[in-house]
Amino acid sequence: MSEDDDFLDALREENEHLRGRIADLEAGLEEYRRQMAGLLTSASWRVSAPLRGVAGKVRLTRRRVRSLPKKVLSRQRAQATSTVGLFRPASSFLEWVDSPLLTTPLQLSSSDPRPRPEIGPRTNPVLVVAHVYYPEVWTDIEDRLARMPEPYDMVVTLVRGRAESLEQRIRRRLPHAKVLIVENHGRDLGPLIELANRGYFHGYEAILKVHTKRSVHRVDGDAWRVALLDGVLTSPEAVARVLELMRTDPHVGIVAPTDALRGPETWGSDLELVTALASRFPLAFDPDELLYPAGSMYWIKPWILERLADLQLTTNDFAPEADHLDGSTAHALERFVGVLAVAGGFEQVEMCDVPSRLHKATRRRTTSPRVLAFYLPQYHQIPENDAWWGEGFTDWVNVAKAEPLYDGHLQPVVPGELGEYDLADPDVMRAQGAMAQEHGVDGFVVYNYWFDGKPLLEKPLQNLLADPSIDFPFALCWANEHWTRSWDGLENDVLMPQTYSPGWQDAYYDSIAPALQDSRYLRVAGKPLLVLYRVGLIPDASKVIAGWRRRAVADGLGGLHVLAVTPSRDFEDLGSGASAVDGLVRFPPG
């Protein structure tokens with residue numbers, strides 16, 4: 001018994017020693033916070049602010065000078081077409097990587113399985129998403145939230161079996177936060193996928209993503225976490241500048257901590273995994289142009305995170321946590337966020353670049369971009385199609401005949417909630433307009449088929465113009481080319497020729513004038529938008545477009561904003577129309 005008593009006494013002594021040590025550490029932390037608060041409010045700190053600003057600009061200038069050769073070389077590099085991401089990689093590429101993305105069959109559903117958002121109405125325009133695996137460093141995040149310059153919504157995910165003990169503390173100190181208990185799948189990226197699948201990100205202007213990163217495999221793991229957190233929550237003034245940039249510059253999609261953006265040198269074992277993710281869209285990307293925020297803490301536009309739901313990932317797509325340093329679904333998703341940003345036309349900048357980018361955005365006075373979808377009116381029956389393709393033909397026939405080109409290719413795509421709709425029914429366009437608003441599509445560019453006075457597939461547009469109650473913002477794209485059997489490989493078998501007889505230009509303008517006058521017609525800088533599919537085929541296109549603009553001015557429309565489809569392997573050059581159009585439209589797959 002005496003040995004047991006001695007052992008218990010030793011444990012009690014060690015316990016008291018540890019309690020004392022904890023008390024000393026807490027006292028030291030409190031003193032550190034007090035001294036920092038005093039420093040930040042001191043006169044010397046305010047007086048030295050200009051000097052610190054000059055020093056920061058010197059460091060930034062040095063950094064930009066160092067990166068200049070790389071930027072120059074990247075400009076000189078010829079742009080090559082990349083097909084990486086269009087096809088799912090074979091699992092044999094990386095047999096030693098135990099990833100469900102490569103080793104399990106790809107099964108995508110053509111229907112959208114995502115439930116409606118559960119978070120309720122948004123209270124504020126900014127959302128903070130925080131993931132906690134290491135509860136002992138939660139205070140690093142909590143303390144820095146005081147640097148948010150405006151009210152914000154918040155979602156905190158706590159790992160079951162690791163961080164539930166924080167739930168009551170968070171609810172007490174951050175009563176506006178929504179706390180979710182999650183399983184340990186995919187580190188901080190698994191819960192992010194779950195939030196995307198639930199629709200949490202829709203409706204915000206900007207989102208801040210942070211997590212309790214420790215990186216125990218790195219000597220500087222804790223220092224890296226602190227640097228990343230201070231990089232996205234530097235000060236109230238710096239955060240205010242980030243939010244202003246995200247709101248005013250539609251080109252910026254991600255703001256990362258300074259020196260956090262990484263490139264293709266960090267692919268490691270993740271290229272095939274990112275390729276597998278991209279193939280779920282499918283989405284082509286250039287592996288040599290990889291850019292993403294390493295450490296997975298950043299400010300981001302909601303649109304990018306919402307696209308994660310389109311991957312249709314579940315917990316089964318994440319391997320059991322085994323302290324992977326590379327080659328996991330989480331590592332792939334970290335990089336895929338950057339791939340999505342580039343694919344969406346967004347730029348990624350670092351915190352040090354925010355002031356200069358904000359200045360440029362203010363000078364440009366840009367407005368938010370509009371998302372427009374090309375609209376094919378082929379989904380209703382017409383006599384010409386009956387004669388050419390068979391009784392009752394619509395493009396639903398072609399949709400059903402589609403076949404997969406590779407393992408996991410989602411074909412044919414079964415129509416969604418509207419089913420195999422008939423565009424001769426005006427209520428279909430009414431429903432499509434409502435769905436467009438719900439999913440962030442601002443309008444439709446409707447294909448306009450007009451063959452030297454002969455319209456085809458005009459019924460949907462006629463129905464739209466006849467019923468002003470249909471909320472369907474639209475513009476027209478004149479598909480001015482021969483109608484052939486090209487889908488059957490018979491490009492030279494012309495069904496309806498595109499000709500240009502004398503006076504055709506006035507006849508065409510007369511045919512679209514009622515649409516241009518419609519209050520729902522899309523305008524750019526106050527002028528109706530008109531897209532020309534193959535402007536290089538239009539005789540004397542420059543003169544024709546100038547004549548249309550004069551007529552539009554005479555009709556009180558202020559002119560026309562004319563766009564042309566970019567020349568490609570399938571299209572000829574723009575010809576004389578090059579100097580007449582206001583811009584170009586890229587059109588896949590050319």
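Residues numbered from 1 in each chain as written. Predicted model: local features only at pLDDT ≥ 70, side-chain atom pairs only at ≥ 80, totals over all residues. Heavy atoms only, no water.

1. A few points about the overall build of the chain
The cut-off we apply is this: Strands here mean DSSP runs of E at least two residues long; helices mean DSSP runs of H or I at least four residues long; both are numbered from the N terminus. Any residue under 20% of the maximum accessible area for its type is buried, any over 50% is exposed, and the rest in between are partly exposed; the area is computed with a 1.4 Å probe on protein chains only. It only takes one pair of heavy atoms within 4.5 Å for two residues to be counted as in contact. Here the open area of atoms and residues is found with the Shrake-Rupley method and a 1.4 Å probe, where only the protein chains shown may cover a residue.
A tally of helices and strands in the chain yields 19 helices and 19 strands. Evaluated residue by residue, the chain yields a buried proportion of 43% over its 590 residues. Here the contacts in the chain between residues at least 6 apart in sequence split such that 76% fall between residues at least 24 apart. Total accessible area on the chain stands at roughly 30,900 Å², and carbon and sulfur atoms take up 54% of it.

2. Some points on the environment of F451
When you line up the elements, F451 lands in strand β11 (residues 443-451). A relative accessible area of 4% means that F451 is categorised as buried. Through-space distance from the C-alpha of F451 to that of A479 is 9.3 Å; in sequence the pair is 28 residues apart. Setting aside chain neighbours within four positions, we find F451 in contact with L456, E481, W483, M496, P497 and Q498.

3. Section: the pairing of strand β5 (residues 252-256)
For clarity, the cut-off: Here a strand pair is declared whenever DSSP counts at least two bridges between the two strands.
β5 sits mainly inside the fold: five of its five residues count as buried. Of the pairings in the sheet, the one linking β5 to strand β8 (residues 298-300) comprises two bridges and is antiparallel in character. Bridging from a neighbouring strand, V255 pairs with W299 of β8.

4. So, the confidence of the model for the chain
For clarity, the cut-off: pLDDT measures how confident the predictor is about each residue, on a scale from 0 to 100.
Confidence in the prediction of the chain, expressed as mean pLDDT, is 84, and 80% of residues score 70 or more. β8 holds the highest mean pLDDT among the elements of the chain, 98, whereas helix α3 (residues 49-76) holds the lowest, 55. Here residues 71-79 is a poorly scored stretch, pLDDT under 50, and it has three contacts once near neighbours within four places are set aside; other chains count. Segment residues 92-96: pLDDT under 50, and five contacts once partners within four positions in sequence are set aside and those in other chains are kept.

5. Describing helix α12 (residues 329-343)
As a reminder, the rule being used: Under the convention used throughout, the expected extent of a helix is 1.5 Å for every residue step, that is, one less than its residue count. Note on bend: at a given residue it equals the angle between the axes fitted to the 7 residues ending there and to the 7 starting there.
A rise of 1.5 Å per residue sets the reference length of α12, with its 15 residues, at 21 Å; its end C-alpha atoms lie 20 Å apart and thus fit the reference within 8%. At R335, α12 shows its largest bend, some 30°.

6. A few points about the sheet that holds strand β1 (residues 126-132)
Each strand in a sheet pairs with another by means of backbone hydrogen bonds, the pair being arranged parallel or else antiparallel. Worth spelling out the cut-off: For every element, the axis is a line fit to its C-alpha atoms; helices are fit only across the contacting stretch, and the angle between N-to-C directions ranges from 0 to 180 degrees.
Read from one edge of the open sheet, seven strands run β3-β2-β1-β4-β8-β5-β9, paired in mixed fashion. Two strands in the sheet have a free side with no partner beyond their single neighbour: β3 (177-182) and β9 (347-350). Direction aside, neighbouring strands of the sheet carry axes that sit 20° apart on average. The pairing of strand β4 (residues 206-211) with β8 spans three bridges and is classified as antiparallel. Across the sheet, the residue bridging to L208 is W299, located in β8.

7. Points about unusual backbone geometry
Residue F281 is joined to P282 through a cis peptide bond whose omega torsion reads -10°. Secondary-structure assignment places P282 in the loop between α10 (271-278) and β7 (292-293). Omega for the peptide link from Q411 to P412 comes to -5°, which places this bond in the cis form. Within the secondary structure, P412 sits in the loop between α15 (395-401) and α16 (426-438). Look at D259: it is not a glycine, yet its phi comes out positive at around 70°. Of note, D259 is situated in the loop between β5 and β6 (261-262). Looking at D259, the relative accessible area reads 45%, which means it is partly exposed. At S296, a position not held by glycine, the phi torsion is positive, near 60°. With respect to the helices, strands and loops of the structure, S296 is situated in the loop between β7 and β8. Residue S296 is classed as buried on the basis of its relative accessible area, which comes to 3%.

8. Describing the packing of α10 against α12
Quick note on the threshold: Handedness of a helix crossing follows the sense of rotation of the near helix relative to the far helix, less than a right angle counterclockwise being left-handed and clockwise being right-handed.
In contact at an axis separation of 9 Å, α10 and α12 are set at 65° when each is read in the N-to-C sense. As for how α10 packs across α12, the hand of that crossing is right-handed. Residue-level inspection shows L273, V274, L277 and A278 of α10 in contact with α12, the latter providing T329, A332, L333, R335, F336 and V339.

9. Observations regarding the packing of helix α18 (residues 504-517) against helix α19 (residues 541-554)
Quick note on the threshold: Relative orientations are named as follows: roughly parallel for angles under 35 degrees, roughly antiparallel for angles over 145 degrees, roughly perpendicular for angles from 65 to 115 degrees, and oblique for any other angle. For this classification, Asp, Glu, Lys and Arg are treated as charged, while Ala, Val, Leu, Ile, Met, Phe, Trp, Tyr, Cys and Pro are nonpolar and the rest, including Gly, are polar.
Contact geometry of α18 with α19 gives a least axis separation of 10 Å together with a crossing angle of 45°. Judged on the interaxial angle alone, α19 and α18 are oblique. Where α18 crosses over α19, the handedness of that crossing is right-handed. Contacts between α18 and α19 pair W504, Q505, D506, Y508, Y509 and D510 from the former with V544, W548, R551 and A552 from the latter. Among the residues forming the contact of α18 with α19, the class breakdown is six nonpolar, one polar and three charged.

10. Overview of the side chain of R357
Convention followed: Here a polar contact is recorded for every N or O atom pair within 3.5 Å, except that within protein the pair must consist of a potential hydrogen donor and a potential acceptor, and residues adjacent in sequence are included only if both atoms are side-chain atoms.
Assignment of secondary structure puts R357 in helix α13 (residues 354-364). Engagement of the side chain of R357 in a polar contact is seen with the side chain of E347, the distance being 2.7 Å. Residues within four places of R357 in sequence aside, it is in contact with L245, D249, V252, E347 and V349.

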